[in-house]
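# Summary of structural features
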Amino acid sequence: MNQSIEKRFQQIEQQRSLLLTALRDRSVEELTYQPAPGKWSLMQILAHLVTAEKMSLAYLQKKILGIDDAADTGWKEDLRIGLLKISQRLPLKFKAPGRVVESTPAYTSFDQLRSDWDSVRAQLAEILERFPENRLKRKVYKHPFAGMLNITQMLIFFREHITHHQPQIRRALK
């Protein structure tokens, strides 16, 4: 695996591990409690994160099949990922894409959610392990708002996505 990609993957794995460890001893009631009408429970937040990554992975697997025909990213995508990072750090609320919301399962078991996320990350690790070094700049990931990005930028988004939801998780823990 490319060193830069491996470093980014390890960052998101550490981030995920810390999050799951912080929540693993919570009761089902705590995990499924909705703090207010229309507000997500901890389980719904986690399910959203898992589903977003699962759908991203499915798209990535499809795009890799035609990676030789994909264009390279450039300054526009660098600008978009920079703006995306800023947007994820600001205390702004974003409506989750409809496809993600519709595809998000209602987990009732923390262990099942963790198992699904483990599976998604294991599949991602396999892809990253064999991702062609000379194709790192190829547009293989489609973000709903930022558009087509490369594999490194996808990993940056995964990190920022969890970071974006951490204040929401902290609020739900109170």
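Residues numbered from 1 in each chain as written. Predicted model: local features only at pLDDT ≥ 70, side-chain atom pairs only at ≥ 80, totals over all residues. Heavy atoms only, no water.

### A few points about the overall build of the chain
A tally of helices and strands in the chain yields seven helices and two strands. Along its sequence from the N terminus, the chain presents helices and strands in the succession α-α-α-α-α-α-β-β-α. A globule of 174 residues ought to have a C-alpha radius of gyration of about 16 Å, and the chain, at 16 Å, matches this closely. Dimensions of the chain, computed from the C-alpha atoms along their principal axes, are close to 50 × 30 × 25 Å. Burial status across the chain gives 42% buried among its 174 residues. Taking the intrachain contacts of the chain between residues at least 6 apart in sequence as the baseline, contacts between residues at least 24 apart amount to 81%. Of the roughly 10000 Å² of accessible surface on the chain, 52% is carried by carbon and sulfur atoms. Within the chain, one finds 28 positive and 19 negative side-chain charges whose respective centroids are separated by 8 Å. (Helix = DSSP H or I, 4+ residues; strand = E, 2+ residues; numbered from the N terminus. Rg over C-alpha atoms; globule rule 2.2 N^0.38 Å. Buried < 20%, exposed > 50% of the residue type's maximum accessible area, 1.4 Å probe, protein only. Contact = heavy atoms within 4.5 Å. Areas by Shrake-Rupley, 256 points an atom, 1.4 Å probe, with all protein chains shown as cover. Lys, Arg positive; Asp, Glu negative; His and termini not counted. Charge placed at Lys NZ, Arg CZ, Asp CG, Glu CD.)

### What about the environment of S87?
Here S87 is to be found in helix α4 (residues 75-89). For the pair S87 and E126, spaced 39 residues apart in sequence, the C-alpha to C-alpha distance is 30 Å. Once residues within four sequence positions are removed from consideration, S87 is found in contact with F94 and H164. Of note is the side chain of S87, whose polar atom sits 2.7 Å from the backbone oxygen of L84. (Polar contact = N/O pair within 3.5 Å; in protein donor to acceptor, adjacent residues only side chain to side chain.)

### Some words on the environment of S17
With respect to the secondary-structure elements, S17 resides in helix α1 (residues 3-23). Distance from S17 to R114, taken between C-alpha atoms, is 9.9 Å for residues 97 residues apart in sequence.

### Focus on the pattern of salt bridges
Inspection of the entire model under this criterion finds 12 salt bridges. Linking D25 and R24 is a salt bridge whose minimum nitrogen-to-oxygen distance equals 4.0 Å. Accessibility expressed as a relative area gives 68% for D25, which makes it exposed. You can call R24 partly exposed: its relative accessible area is 46%. Ionic pairing is found between E77 and K139, a salt bridge with its closest N-O pair at 3.1 Å. Within this pair, whereas E77 is found in helix α4, its partner K139 is found in the loop between α6 (110-130) and β1 (141-143), the two being separated by 62 residues in sequence. Among the residues examined, E77 registers a relative accessible area of 6% and is labelled buried. A relative accessible area of 22% places K139 in the partly exposed class. One continuous salt-bridge network, built from bridges that share partners, spans E13, R16, E53, D118 and R121. (Salt bridge = Lys/Arg side-chain N within 4 Å of Asp/Glu carboxyl O.)

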